[in-house]
Amino acid sequence: MSKTLSGKVALVTGGSRGLGVAIAIALADKGADVAISYVASEEKAASVVEQLKAKGVKAVAIKADQGDPSASEPLIRQVVEKLGKLDILVNNAAVAWQGKKIDDPEIDNAAMDRQWTINTMGVIANIRAAVKVLPDRGRIISIGSGLGTRIAFPGTADYAATKAAIVGYTKGAARDLGSRHITVNVVQAGMMDTDMAAGSKGKLPPIIMESHAIQGYVPVEEVAAAVVFLAGPDAGSITGSVIDVNGGFTA
Ligand SMILES: NC(=O)c1ccc[n+]([C@@H]2O[C@H](COP(=O)([O-])OP(=O)(O)OC[C@H]3O[C@@H](n4cnc5c(N)ncnc54)[C@H](OP(=O)(O)O)[C@@H]3O)[C@@H](O)[C@H]2O)c1
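About the criteria used
- Residues numbered from 1 in each chain as written.
- Predicted model: local features only at pLDDT ≥ 70, side-chain atom pairs only at ≥ 80, totals over all residues.
- Heavy atoms only, no water.
- Axes fitted to C-alpha atoms, helices over the stretch in contact; angles between N-to-C directions.
- Helix = DSSP H or I, 4+ residues; strand = E, 2+ residues; numbered from the N terminus.
- Parallel < 35°, antiparallel > 145°, perpendicular 65-115°, else oblique.
- Left-handed = near helix turned anticlockwise from the far one by under 90°.
- Contact = heavy atoms within 4.5 Å.
- Nonpolar A, V, L, I, M, F, W, Y, C, P; charged D, E, K, R; others polar.
- Buried < 20%, exposed > 50% of the residue type's maximum accessible area, 1.4 Å probe, protein only.
- Polar contact = N/O pair within 3.5 Å; in protein donor to acceptor, adjacent residues only side chain to side chain.
- 1 Å grid on protein atoms, 1.4 Å probe; cavity = no way out; pocket = protein on both sides within 12 Å on 5 of 7 lines; lining within 4 Å.
- Points joined across faces, edges and corners; volume = space filled by probe spheres on them.

Draft legend 1. Seen up close, the packing of helix H1 (residues 18-29) against helix H7 (residues 220-231). Put simply, H1 and H7 touch, their axes get as near as 8 Å, and they point 45 degrees apart. Classed by the angle they form, the pair H1 and H7 counts as oblique. Where H1 crosses over H7, the two elements pack in a sense that is right-handed. Here H1 contributes Leu19, Ala22, Ile23, Ala26 and Leu27 to the contact with H7, which in turn contributes Val220, Val223, Ala224, Val227, Val228 and Ala231. Here the residues of the contact of H1 with H7 are counted per class, giving eleven nonpolar, no polar and no charged.

The following block contains the structure:
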């Protein structure tokens with residue numbers, strides 16, 4: 001396997017579980033040193049670090065709550081202190097609190113507000129902190145959702161909007177950072193068999209399954225492969241783009 005990311009340092013937020021683990025492993029397979037962040041899963045994060053180190057790269061786990069935008073500066077500072085620099089930021093951490101319509105009296109609007117803080121303001125805070133240390137030709141990749149483009153069912157207005165907001169910020173950031181050849185992109189994932197989708201296997205309503213050209217879960221490895229491509233040397237001219245890896249949900 002060619003080590004196209006050898007000498008690079010990546011941060012994958014939310015690298016303790018799910019897609020974040022697959023992205024961290026895929027980056028390490030290409031030779032990158034990898035920091036992961038987490039908020040609660042200390043043991044799982046430590047286990048991922050061991051998996052990464054076994055591949056011969058440097059790896060660290062850093063606890064940082066993305067629901068507190070003031071945590072972003074210390075997170076980025078620790079990556080630089082522990083791994084020497086930061087070349088690639090992957091904003092993967094998020095929550096998906098869905099299921100209630102906005103006029104449902106039972107909807108927890110305080111939770112919706114926290115979801116906005118984690119999924120949108122936390123990501124923006126990470127990008128603001130990272131641009132202070134990223135070198136020319138650095139990479140910023142954020143994980144979105146097909147729901148950022150298309151709403152095929154009710155009960156997801158807030159989650160979908162947090163992801164749509166990231167697309168707008170990404171396009172603006174791509175314009176702002178183009179002179180430094182820093183690329184900024186979104187990978188819109190589809191339904192994956194992670195904790196976030198826990199309990200949905202075999203239970204998803206037909207309206208959701210039928211809204212995909214290719215039905216079924218998207219393998220996390222395929223989403224991770226798109227991230228690795230955007231992080232790599234062949235993607236230097238792709239910026240302000242949205243890549244859909246979601247079984248044709250947005251087709
Ligand atoms: N799963 C899907 O079907 C699906 C579909 C489309 C898009 N996505 C997107 O794909 C990305 C990864 O999702 P996933 O399915 O892998 O989710 P997941 O299995 O629930 O894992 C979420 C990760 O984010 C971290 N995290 C959550 N809240 C955090 C916070 N406040 N601060 C820091 N880290 C936090 C978690 O850390 P802890 O372990 O410490 O809690 C964990 O590492 C997300 O951006 C999600 O929106 C997922």
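Draft legend 2. Summary view of the packing of helix H4 (residues 109-130) against helix H5 (residues 157-177). Remark: H4 packs on H5, axes separated minimally by 9 Å, with the N-to-C direction vectors making an angle of 15 degrees. One element, H4, and the other, H5, form an angle in the roughly parallel class. Between H4 and H5 the crossing geometry is right-handed. Touching Met112, Gln115, Trp116, Asn119, Thr120, Val123, Ile124, Ile127 and Arg128 of H4 are Asp158, Tyr159, Ala161, Thr162, Lys163, Ala165, Ile166 and Tyr169, all from H5. Its residues assigned to classes, the contact of H4 with H5 shows ten nonpolar, four polar and three charged.

Draft legend 3. Quick look at the side chain of Thr170. On the secondary structure map, Thr170 appears in helix H5. Here Thr170 falls in the buried class, since its relative accessible area comes to 2%. Polar contacts involving the side chain of Thr170 include one to the main-chain carbonyl oxygen of Ile166, which spans 2.8 Å. Apart from residues lying up to four places away in sequence, Thr170 is in contact with Val184, Asn185, Val186 and Gly240.

Draft legend 4. Representation of the environment of Thr156 in the model. Relative to the elements of secondary structure, Thr156 occurs in the loop between strand S5 (139-145) and H5. Here Thr156 falls in the buried class, since its relative accessible area comes to 2%. Expressed as a C-alpha distance, the spacing of Thr156 and Lys101, which sit 55 residues apart in the sequence, is 7.2 Å. Excluding residues within four positions of it along the chain, Thr156 makes contact with Gln98, Leu147 and Ile151.

Draft legend 5. Local environment of empty space enclosed by the protein. This structure, assessed with the given rule, holds two cavities of 30 Å³ or more. Roughly 40 Å³ of internal volume is contained in the largest cavity. Every residue lining the largest cavity is listed: Thr13, Ser37, Ala64, Asp65, Gln66, Asp68, Ala71, Ser72, Leu75 and Asn126. Classifying every residue of the lining of the largest cavity gives three nonpolar, five polar and two charged. As a volume, the second largest cavity reaches approximately 30 Å³. At the level of secondary structure, the elements contributing two or more residues to the lining of the second largest cavity comprise H4, S5 and H5.

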